[in-house]
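Remarks on the overall topology
What follows is each chain in one-letter form.
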Amino acid sequence: MYNYNITGIQQIGIGTTDMKASWKWYAERFHMDIRILEDDTVAELMLPYTGNKPQKRHACIAANLQGGGGFEIWQYSDRTPVPPTFDINVGDLGIFIAKIKSSNIESYHEELSQKCDHITPIYTDPRGIATFYVHDPAGNCFQVVEDNYVFIDEDNYSGGIVGAMIGVTDIDKALEVYRDLLGYDTIIYDKNGIFSDWQTLRGGTQNYRRLLLGRSKPHTGPFAELYGTGTIELVQALDRTPRKIYEGRYWGDPGFIQICFDVVNMREIEKWCQEKGYPFTVDSCANKSQFDMGQASGHFTYIEDPDGTLIELVETHKIPIISKLNIGIHLMKKDRTKPLPRLLFNLMKLNRVKFN
């Protein structure tokens, strides 16, 4: 038995050609306007995915306090980002859709229809629940799913990340990672066919297997109440051979670059990964106790699923609460089985970013 805890989906990484412009777009439409951290330095540890050389970049992690995971918005500083060389279809290998939540699908759809050029009608997903899809200016696709849980009520309809659709070549093989390691062990649906909610998406008129996974046990830990519940949807193309979304490109190039899970007890996770054949490809603390990121610190690692999709694992040691005053919380001195007080997250409102 391995003694570790997956406390929730911390964020999805989004590579972009203009970090500030992308952040403004996400803040105005998805209310991702709380700065957790921002860093404009060199990514020295991602060598397996950045051409075996350190790369300068500008990145931020932004959150929506209504609940859910955040966005890591990432831009190369000294290298021209390389967009996909082909049109990404439903079911291509990697993260092809990020799931964000809304407490009121109809009202949020009406709001976004006034702000977004590429938005679908409201459909019914395979569970019979209302959903719709919206694309950002770079073509990244987001599925809005209904979720009535609100962490801190900020009087809007949107929340943060609550999952992702991930293209795989073999769903049953991919379950080793998403079910056995990450704990998404409950089948919400497992269906084959052509799906009505995908009819306006590129490649969406073909046959697929869709497996939506949830968790039988709720998340626990310092940030569990912020993250709430989440799902992972594995998608297998049945009519064609899917392409790898990051084929011939670097981590950080435009698109969904990774899905990140907040964890407790990284070294126990490492034992599982080594024994099951999914070794850490990046380990920020291979030779030290923590990795510093300005006002934040922690331990991050990467593994790959069977198709090479990047999964980031982060054990948070310290996070800023009031950045301007350099006030943070040291989690390693806390009981990490318990959620942090909501008062601390309310203080993060002081980190709200305002865009011109």
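Structure: see above.
Every residue gets a number counted from 1 within its own chain, in the order that chain's sequence is written. Side-chain atom pairs in this predicted model are given and counted only at pLDDT of 80 or more, local residue features only at pLDDT of at least 70, and totals for whole chains, interfaces and linings cover all residues. Side-chain numbers here rest on the full set of heavy atoms in the structure, without hydrogens or water.

**Side note on the overall build of the protein chain**
Which entries qualify depends on this criterion: Each helix corresponds to a stretch of at least 4 residues labelled H or I by DSSP, and each strand to a stretch of at least 2 residues labelled E; elements are numbered beginning at the N terminus. Restricting the calculation to C-alpha atoms gives the radius of gyration, and the globule rule supplies 2.2 Å times the number of residues raised to the power 0.38. For each residue, the accessible area found with a 1.4 Å probe, counting protein chains only, is set against the maximum for its type, and the residue is called buried under 20%, exposed over 50%, and partly exposed in between. Two residues form a contact once any of their heavy atoms are found within 4.5 Å. For accessible areas, the Shrake-Rupley method is used with a probe of radius 1.4 Å. Any residue's cover is judged against the shown protein chains and nothing else.
The helix and strand inventory of the protein chain stands at six helices and 19 strands. Whereas a compact globule of 356 residues would reach a radius of gyration of roughly 21 Å, the protein chain reaches 19 Å, a difference of no more than 12%. Residue burial in the protein chain is summarised as follows: out of 356 residues, 59% are buried. Residue pairs at least 24 apart in sequence account for 71% of intrachain contacts in the protein chain once pairs closer than 6 positions are excluded. Accessible area of the protein chain: about 14,900 Å², with a carbon and sulfur share of 48%.

**What to know about the nonpolar core**
Operational definition: To qualify as a nonpolar core, a set must consist of buried Ala, Val, Leu, Ile, Met, Phe, Trp, Tyr and Cys residues joined through side-chain atoms within 4.5 Å.
If you look at the biggest cluster of nonpolar residues, it comprises 57 residues, and the most contacted ones within it are F30, F71, F142, Y178, L182, L234 and F261. Of the residues forming this core, the biggest block, six residues, is contributed by helix α3 (residues 171-181). With residues near it in sequence (within four places) discarded, F30 still touches W25, N64, F71, I100, Y108, L112, V134, F142, S158 and G159. In terms of nonpolar packing, the next biggest core, distinct from the first, is built from 28 residues, A59, Y133, W198 and I245 among them.

**Topic: the layout of surface pockets**
Selection criterion: Buriedness of a pocket was judged along seven lines, with at least five required to meet protein on both sides within 12 Å; pockets are open sets of points on a 1 Å grid over the protein atoms alone, cavities are sets where a 1.4 Å probe fits but cannot get out, and lining residues have an atom within 4 Å of a point. Grid points are joined across faces, edges and corners, and a volume is the space filled by probe spheres set on the points. Polarity classes work like this: nonpolar for Ala, Val, Leu, Ile, Met, Phe, Trp, Tyr, Cys and Pro, charged for Asp, Glu, Lys and Arg, and polar for all others, with Gly in that last group.
Quantified by volume, the second largest pocket comes out at close to 590 Å³. If you go around the second largest pocket, you meet 21 residues; those closest to its centre are Y4, N5, I6, R215 and K217. Those elements that provide at least two residues to the lining of the second largest pocket are β1 (5-15) and α3. Top element by residues in the lining of the second largest pocket is α3. It accounts for three residues. In terms of residue class, the lining of the second largest pocket is built from eight nonpolar, seven polar and six charged.

**With respect to the packing of aromatic side chains**
Spelled out, the test is: Two rings from Phe, Tyr or Trp (for Trp, the six-membered ring) form a pair when their centres are within 6.5 Å of each other. A pair whose planes differ by under 30 degrees is stacked, one over 60 is edge-to-face, and the rest are tilted.
One pass over the structure, following the stated rule, counts 23 aromatic pairs. Each ring, one from W23 and one from F355, has its centre 5.6 Å from the other, and the planes form 70°; the classification is edge-to-face. Here the residue W23 occupies a position in helix α1 (residues 19-30), and F355 occupies one in the segment after α6 (342-347), the gap between them amounting to 332 residues. On the accessibility criterion, W23 (0% relative accessible area) is buried.

**Regarding the pattern of salt bridges**
Defined as follows: We count a salt bridge whenever a side-chain nitrogen from Lys or Arg sits within 4 Å of a carboxyl oxygen from Asp or Glu.
Under the defined criterion, the tally for this structure stands at 26 salt bridges. Notably, a salt bridge pairs K20 with E38, separated by 3.1 Å at the nearest N-O pair. Note that K20 is positioned in helix α1 and E38 in strand β2 (residues 34-39), a separation of 18 residues in sequence. Relative accessible area serves as the criterion here: at 39%, K20 is assigned to the partly exposed category.

**Thoughts on the sheet that holds strand β9 (residues 141-146)**
Let me state the cut-off plainly: Pairing between strands is defined by DSSP: at least two bridges between them are needed. To obtain each axis, a line is fitted to C-alpha atoms, and for helices this fit is confined to the stretch in contact; angles are then taken between N-to-C directions over 0 to 180 degrees.
In space, the eight strands of this open sheet follow the order β7-β8-β9-β6-β10-β13-β12-β11, with mixed pairing throughout. The outermost strands of the open sheet, each flanked by one partner alone, are β7 (123-124) and β11 (186-193). The sheet contact formed by strand β12 (residues 208-214) and strand β13 (residues 231-237) spans six bridges and is antiparallel. Note that in β13 the partner of R210 across the bridge is V235. Its contacts with the sheet put α3 on β10 (158-167), β12 and β13, and the angle it makes with β13 is roughly 155°.

**Examining the pairing of strand β4 (residues 55-63)**
Taken across its nine residues, β4 has eight buried, putting it largely inside the fold. Here strand β3 (residues 42-43) pairs with β4 via two bridges, running antiparallel. When the sheet's bridge partners are listed, A43 is paired in β4 with Q55. Pairing of β4 with strand β5 (residues 70-76), which is carried by six bridges, proceeds in the antiparallel orientation. The partner of H58 across the bridge, within β5, is Q75. Remark: six residues form the turn of the hairpin made by β4 and β5, two consecutive strands paired antiparallel; G67 in that turn has positive phi of roughly 120°.

**Examining α1**
Quick note on the threshold: The length a helix should cover is 1.5 Å for every residue beyond the first.
Helix length check: α1, at 12 residues, gives a terminal C-alpha distance of 15 Å against a target of 16 Å (1.5 Å per residue), a fit within 8%. Phi turns positive, to about 55°, at H31, one or two residues after α1.

**Digging into a nonpolar patch on the surface**
What counts here: Excluding any residue in a salt bridge, patches collect residues exceeding 30% relative accessible area, merging like charges within 9 Å and nonpolar Val, Leu, Ile, Met, Phe, Trp and Tyr side chains within 5 Å.
Taken together, the side chains of L343, L347 and L350 make up a nonpolar region of the molecular surface, amounting to roughly 280 Å² of accessible area. Note on placement: L343 falls in helix α6.

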